[in-house]
Amino acid sequence: MYRYDEFDATMVAERVEQFRGQVARRLSGDLTEDQFKPLRLMNGLYLQLHAYMLRVAIPYGTLSSKQMRALAEASRKYDKGYAHFTTRQNLQYNWPALVDVPDLLDDLAKVEMHAIQTSGNCIRNVTSDQYAGAAQGEVEDPRIWCEVIRQWSTFHPEFSYLPRKFKIAVTACDHDRAAVKVHDIGLRLYKNDAGETGFEVMVGGGLGRTPYIGQTIRKFLPKDHLLSYLEAILRVYNLQGRRDNMYKARIKILLNAKGADDFASLVEKEWAAMDAKDVDLPADEIARIRDYFAAPEFEPLPETSAGLDSNSTKNKAFGRWVRTNTHGHRAPGYAIVNISLKPIGGIPGDASDAQMDAVADIAEQHSFDEIRVTHEQNLVLPHVKKDDLYAVYLALEAAELATANIGLVSDIIACPGLDYCSLANTRSIPIAQRISERFADLGVQEDIGELKIKISGCINACGHHHVGHIGILGVDKKGEEFYQITLGGSGAEDASIGEIAGRGLSSGEVVDAVEKLVGYYRENRQDTERFLDTYRRLGAEKFKEALYAAA
Amino acid sequence: MKAVTGNRLSDGAVVYLTNEDQWTEKFANAARFVTEDGPDVLAAAQTRSAEIADVYLIDIDEEGALSGRAVVRETIRTLGPSVRPDLGYQAGGEL
Amino acid sequence: MPLLKLIGDRLLPAIEEAKNEVSLEDWRANRIAHPDATALVIPNDADIDDLRCDVSGFSAIILEFPAFKDGRAYSQARLLRERIGYTGEIRARGDVLRDQLLYMVRCGVNGFEIAGAASDGAETALQEFSFAYQASSDGATPVWKRRRNRAAAA
Ligand code: SF4
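Residues numbered from 1 in each chain as written. Chains lettered and ligands numbered in written order. Predicted model: local features only at pLDDT ≥ 70, side-chain atom pairs only at ≥ 80, totals over all residues. Heavy atoms only, no water.

Visitor: Describe the overall build of chain B, with residues and values.
Guide: Scanning chain B from terminus to terminus reveals 2 helices and 4 strands. The order of α-helices and β-strands along chain B, N terminus first, is β-β-β-α-β-α. Relative to the compact-globule value of 12 Å for 95 residues, chain B shows a C-alpha radius of gyration of 13 Å, a close match. Principal-axis analysis of the C-alpha atoms gives chain B an extent of 35 × 30 × 20 Å. Counting the 95 residues in chain B, one finds 44% classified as buried. Residue pairs at least 24 apart in sequence account for 51% of intrachain contacts in chain B once pairs closer than 6 positions are excluded. Surface exposure of chain B reaches about 4600 Å², of which carbon and sulfur atoms provide 49%. (Helix = DSSP H or I, 4+ residues; strand = E, 2+ residues; numbered from the N terminus. Rg over C-alpha atoms; globule rule 2.2 N^0.38 Å. Buried < 20%, exposed > 50% of the residue type's maximum accessible area, 1.4 Å probe, protein only. Contact = heavy atoms within 4.5 Å. Areas by Shrake-Rupley, 256 points an atom, 1.4 Å probe, with all protein chains shown as cover.)

Next up, the structure:
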């Protein structure tokens, strides 16, 4: 993992002091709310329905046990003993008092954490593959480049008042777990035919009111030139992105107005004109950062584990959990463990302080001290010995963290919605809870197979509903909560935007609707088809008919 | 009719303006204004920016119950998150 | 509207005779009509690359920040300094706030028209950070270079 040196540490500490000053000026009345709001937002502090909400950055979703414990401790000290993991691999506190936030940030700074640029029209926390450094078939650890981008984008003087927020994601695998095609910039690291590594640069993806899949503006960018190329894209966007209408201000609108080719040539022209030598990092600095992401020292182990095999036969629930919640690791004898934050009927993404502490302990003992946060609001222990899986399972079960449903129908993404969020039209969480309860039987869930349900409480699409196999969007209908279903979306390498199925449904109808769709899929699937495959084969009409057929 | 609500500056808590011109956490104690007085009362409340953030008017009916388009949202504000009955004002019992 | 100027690394109140301003549009329409103009006012959607021949004769370029959220002029300032090599005063006008001064300075702005109350604490605004991660128009040594220098010195 990256560790701060004195420069990084000083920058974060100084940011806390700066914010402390800004809070003091607000409390003394020197700043009005209108003046203060952009300042607090730049530091991830929102005012929600019931209280302030602080969004803490978890750079590219990587945490140490010590950091996880500090997050748990802060939830006890400044909040109500829990926190919420978000679709941007960040963490949110729902109840901190404004007067306490500087102290909270001080505590987090001690473990190299912060809330810098977690909101505002700036370059946000860079996200990545939650399996980085552990995944099979990875070209190199994408987090090296995430950290390079983190430093470059932190307090960037030119790009802190962009037309709109700006999100970058990096992956280094063919299988895209970072949803790079629905980011303002998506970067895919790969080796070209000549054997050199570089980035495919995709621009203009995004959800929200006008969803788009990102388009490739450069097939291959030598990796050492990443920062200058990003600077060129951001400069074109900063100067030419629309500012007259906040719904048309994202880079996707600019790119699509110009056309991908014209946009690309603007970027290339800017890139050619700039003096890149002070922007691109020299090889020694990249090497310095790279060293922090060296793989841990895996023990030489056989690929299979006798203990694992016998325990999965003895304990059926464990066997199921191994099937659904673990994933192949690049080192023989190791596995990647997914920790579901979606207990049946629970609140997606929420974890109590005790659960966070438990995960920290387990990671320390069994996963080289490392934890990841996924954009699907779950956690990951990246490096667990197969021999240890049973012990890890039991420890997770004791903390109520062993639900065997990763990627299944109850592994639902849901934004906070109207239970917390001041922008919401409708609630999201209760819908997720009811769907999860309807499909409570884990055996049935496993039979249904991969199915991604994603719920947003308004068109801002924090719950990524556009890229759900089944997406659910909350809409306000004369003061009542209504839900619109979209079908066939995907945020993976086969990215697509879901299609609206038809008229909105009342909150009472939604769960039945999902059940109908799932039923239709189970009756009509062939072989090993996932829901999405069957949908794509049979087409939207069939599913719409099934959905709206009279009961 | 109308009531005035906002979030207390220091901790963000949901509060309502009372007849005594104080801020209360209890919706039941919120002052009721006839709709025509709304803008003036709001303008006065907005000047108290060192106490409160995001002040606005909400609709209530003759009995003082929440009404209008934002009724779901405002109900959740008076109570707390509907998915966490152990938190927010609903946790304290009395509203 | 008080004027602050960057002198060395400090922001000091400046009193000076009024500039003779001309807008880019007027200047382009008829250059010889403005023989005494000393400051060129550039709207924030102007393409800086096209200005190469226009700016050299002016002692100040005035950039507009119509709202603090509108950050186009940060890029314009950098392009004026780094692409065109303009060395005169670059002055920020409009919604110029204390908490933005540092970024403006880093982008090459060195004159600030700032509302009276907003200028409180302007002096300390530039001192809040000891380092910068990126190279920009202010010539600050980026952190990666400091690391390298430190390694070389060790
Ligand atoms: S999608 Fe809408 S309701 Fe949900 S968190 Fe985002 S802004 Fe709030």
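Visitor: Residues and numbers for the packing of aromatic side chains, please.
Guide: Inspection of every chain in the model, using the stated rule, returns 27 aromatic pairs over all chains. Judged by centre distance (5.6 Å) and plane angle (10°), the ring pair of Y161 of chain A and Y74 of chain C falls under stacked. With Y161 of chain A in the loop between helix 5 (142-153) and strand 7 (168-171) and Y74 of chain C in helix 3 (residues 72-83), this pair bridges two chains. As far as burial versus exposure is concerned, Y161 of chain A and Y74 of chain C are alike and both buried. The ring of W95 of chain A has K80 of chain A lying over it, and the distance from NZ or CZ to the ring centre is 4.8 Å. The side chain of R188 of chain A reaches across the aromatic face of Y190 of chain A, ending 4.4 Å from its centre. (Phe/Tyr/Trp six-rings, centres within 6.5 Å; stacked < 30°, edge-to-face > 60°. Lys NZ or Arg CZ within 6 Å of the ring centre and 35° of its normal.)

Visitor: Give a description of the site of the ligand that names residues and reports values.
Guide: Close to the ligand lie C415, P416, G417, C421, L423, A424, S456, G457, C458, N460, A461 and C462 of chain A, which account for all nearby residues. Tallied by class, the residues present in the shell around the ligand amount to 8 nonpolar, 4 polar and no charged. (Near = heavy atom within 4 Å. Nonpolar A, V, L, I, M, F, W, Y, C, P; charged D, E, K, R; others polar.)

Visitor: Tell me about helix 2 (residues 33-41) of chain A, and name the residues and values.
Guide: Looking only at helix 2 of chain A, the buried set comprises E33, F36, L39, R40 and L41 of chain A. Residues of helix 2 of chain A that are buried sit in contact with helix 1 (6-27), strand 1 (45-47) and strand 2 (52-56) of chain A together with strand 4 (52-59) of chain B.

Visitor: Outline the interface of chain A and chain B, supporting the account with residue identities and numerical values.
Guide: Between chain A and chain B, the residue contacts involve 30 residues of the former and 25 residues of the latter. Each partner contributes to the roughly 2200 Å² buried at the junction of chain A and chain B, and carbon and sulfur atoms together form 60% of this total. Considering only the side of chain A, the residues that lose the most area to chain B are L47, L49 and H50 of chain A, jointly responsible for 23% of the buried surface there. Between the two partners, chain A and chain B, sit 9 residue pairs in polar contact (both at pLDDT 80 or more). Among the secondary structure elements, those contributing two or more residues to the side of chain A that touches chain B are helix 1 and helix 14 (429-438) of chain A. With 3 residues, the single largest contributor to the side of chain A that touches chain B is helix 14 of chain A. A class-by-class count of the residues in the side of chain A that touches chain B yields 16 nonpolar, 6 polar and 8 charged. (Buried area = accessible area lost by both parts, 1.4 Å probe. Polar contact = N/O pair within 3.5 Å; in protein donor to acceptor, adjacent residues only side chain to side chain.)

Visitor: Tell me about the sheet that holds strand 7 of chain A, residues and numbers included.
Guide: All names here are of chain A. Reading across the sheet, the 5 strands line up as 6-7-8-9-10 and stay open at both edges, with mixed pairing between neighbours. If you trace the sheet from one side to the other, it starts and ends with strand 6 (127-128) and strand 10 (215-222), each paired once. Sitting on the sheet, helix 5 touches strand 6, strand 7, strand 8 (185-191) and strand 9 (197-203), and the angle it makes with strand 7 is about 155°. (Pairing = 2+ DSSP bridges. Axes fitted to C-alpha atoms, helices over the stretch in contact; angles between N-to-C directions.)

Visitor: Could you give an account of the sheet that holds strand 3 (residues 62-64) of chain A, with specific residues and numbers?
Guide: Residue and element names in this part refer to chain A. Across the sheet, 5 strands lie side by side as 3-14-15-12-11; this open sheet has antiparallel pairing. The open sheet has two edge strands, strand 3 and strand 11 (326-328), and neither has a second partner. Strand-to-strand, the axes of this sheet are offset by a mean angle of 30°, without reference to chain direction. Note: strand 14 (residues 370-373) against strand 15 (residues 379-385), 2 bridges, orientation antiparallel. Bridge pairing in strand 15 places V373 opposite L379. Contacts from helix 11 (residues 316-325) reach strand 11 and strand 12 (334-339) within the one sheet, and its direction differs from that of strand 11 by about 50°.

Visitor: Describe the interface of chain C and chain A, listing the residues and the values that go with them.
Guide: With 33 residues of chain C in contact, the opposing surface of chain A contributes 43 residues. Together, the buried faces of chain C and chain A total about 3600 Å²; carbon and sulfur atoms form 55% of this surface. Applying the counting criterion to the chain C and chain A interface returns 12 salt bridges. Between D8 of chain A and R147 of chain C there is a salt bridge, with the nearest N and O atoms lying 2.9 Å from each other. At the junction of chain C with chain A, the criterion picks out 26 residue pairs in polar contact (both at pLDDT 80 or more). The residue makeup of the side of chain C that touches chain A, split by class, is 12 nonpolar, 7 polar and 14 charged. (Salt bridge = Lys/Arg side-chain N within 4 Å of Asp/Glu carboxyl O.)

Visitor: For the environment of G449 of chain A, give the residues involved together with the corresponding values.
Guide: Residue and element names in this part refer to chain A. Within the fold, G449 resides in the loop between helix 15 (442-448) and strand 17 (453-456). Take G449: its relative accessible area is 16%, and that puts it in the buried class. In the structure, G449 is positioned 360 residues away from Q89 in sequence and 24 Å away in space, judged by C-alpha atoms.

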